[in-house]
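Here is how the chains run, residue by residue.
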Amino acid sequence: MSTHRKRTIETRIVNPLLGDQIPLPSYATDGSAALDLRACIEAPHTLEPGQRALFPTGLAIDIGDPNWVAIVASRSGLSLKHGLRVAQGIGVIDSDYHGEIGVILANDGEAPYVVSPGERIAQLLVQPVVQVELTYVEAFSTATERGSGGFGHSGQH
């Protein structure tokens with residue numbers, strides 16, 4: 001049996017529905033990598049095909065360390081079954097952002113989708129970050145076999 005240490009992140013409830021009528025974010029299983037984020041809304045909201053909308057989560061966090069970032073990611077089941085996804089691919093919650101986490105959902109499906117209050121709409125994954133300093137050069141100091149070969153360069157197998 002493995003045990004892992006969890007980081008502590010200060011968290012504020014910014015909507016009283018969260019923790020009262022809507023469950024707090026949690027890991028679905030012991031092996032889950034991400035917390036489930038829920039729509040912190042009072043009434044159902046219909047997202048038409050091709051439409052995007054911002055859904056509040058009722059939650060604000062203080063990561064407090066620039067070596068960490070929170071990523072908002074789509075839920076695979078919603079994406080596969082209904083065409084619902086995080087609109088910008090992923091959402092980045094920087095370590096110094098203290099506002100409410102919002103999830104921009106896009107409906108790529110063919111039917112309207114009704115987002116219910118408290119529904120799990122996205123996942124929150126906390127990851128390490130490596131900030132870099134860019135050094136501008138005329139040519140790279142190392143060569144690779146691929147070089148500047150682009151999309152499809154390595155072939156299809």
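Residues numbered from 1 in each chain as written. Predicted model: local features only at pLDDT ≥ 70, side-chain atom pairs only at ≥ 80, totals over all residues. Heavy atoms only, no water.

Of regular secondary structure, the chain possesses one helix and 10 strands. The secondary structure elements of the chain, listed N-terminal to C-terminal, are β-β-β-β-β-α-β-β-β-β-β. In terms of C-alpha radius of gyration, the chain reaches 19 Å, well past the compact-globule figure of 15 Å for 157 residues. Seen through its C-alpha atoms, the chain measures out along the principal axes to roughly 55 × 40 × 40 Å. Considering the chain as a whole, with its 157 residues, one finds that 29% of them fall into the buried category. For the chain, the share of sequence-separated contacts (at least 6 apart) that also reach a separation of at least 24 residues comes to 70%. (Helix = DSSP H or I, 4+ residues; strand = E, 2+ residues; numbered from the N terminus. Rg over C-alpha atoms; globule rule 2.2 N^0.38 Å. Buried < 20%, exposed > 50% of the residue type's maximum accessible area, 1.4 Å probe, protein only. Contact = heavy atoms within 4.5 Å.)

Spatial ordering of the open sheet is given by β2-β10-β5-β7, a layout of four strands whose pairing is antiparallel. The strands lining the two open edges of the sheet, one partner per strand, are β2 (35-38) and β7 (91-93). Recorded for the sheet is a direction-independent mean angle of 30° between the axes of neighbouring strands. Looking at chain direction, strand β5 (residues 68-73) and β7 are connected through three bridges and run antiparallel. Paired with V72 across the strands is G91, a residue of β7. (Pairing = 2+ DSSP bridges. Axes fitted to C-alpha atoms, helices over the stretch in contact; angles between N-to-C directions.)

All right, on to the nonpolar core then. Membership of the largest hydrophobic core comes to 28 residues, with the highest contact counts inside it found for F55, V72, V115 and L124. Elements with a minimum of two residues in this core: β2, β4 (52-62), β5, β6 (84-86), β8 (100-107), β9 (113-115) and β10 (120-128). In terms of residue count, the dominant contributor to this core is β4 (four residues). Non-local contacts of L124, meaning those with residues more than four positions away in its chain, are made with A34, L35, L37, I61, A70, I71, V72, I93 and I101. (Core = buried A, V, L, I, M, F, W, Y, C linked by side-chain atoms within 4.5 Å.)

Under the counting rule described, the total for this entry stands at three salt bridges. Between R75 and D36 there is a salt bridge, with the nearest N and O atoms lying 3.9 Å from each other. Of this pair, R75 sits in the loop between β5 and α1 (76-82) while D36 sits in strand β2, and the two are 39 residues apart along the sequence. Comparing R75 with D36, the two get one shared label, buried. Through salt bridges with shared partners, one network takes in D36, R75 and R120. (Salt bridge = Lys/Arg side-chain N within 4 Å of Asp/Glu carboxyl O.)

This brings us to the pairing of β2. Within a regular strand, side chains alternate between the sheet's two faces. Burial along β2 is two-sided: the face carrying L35 and L37 and the face carrying D36 and R38 are both buried. By the bridge criterion, four bridges tie β2 to β10 in an arrangement that is antiparallel. Across the sheet, L37 pairs through a bridge with A122, a residue of β10.

Here the focus is the side chain of D36. Judged by its relative accessible area of 7%, D36 is buried. Side chain to side chain, D36 and R120 meet in a polar contact 3.1 Å long. Apart from the residues within four sequence positions on either side, D36 is in contact with P25, S26, A28, R75, R120, A122 and Q123. (Polar contact = N/O pair within 3.5 Å; in protein donor to acceptor, adjacent residues only side chain to side chain.)

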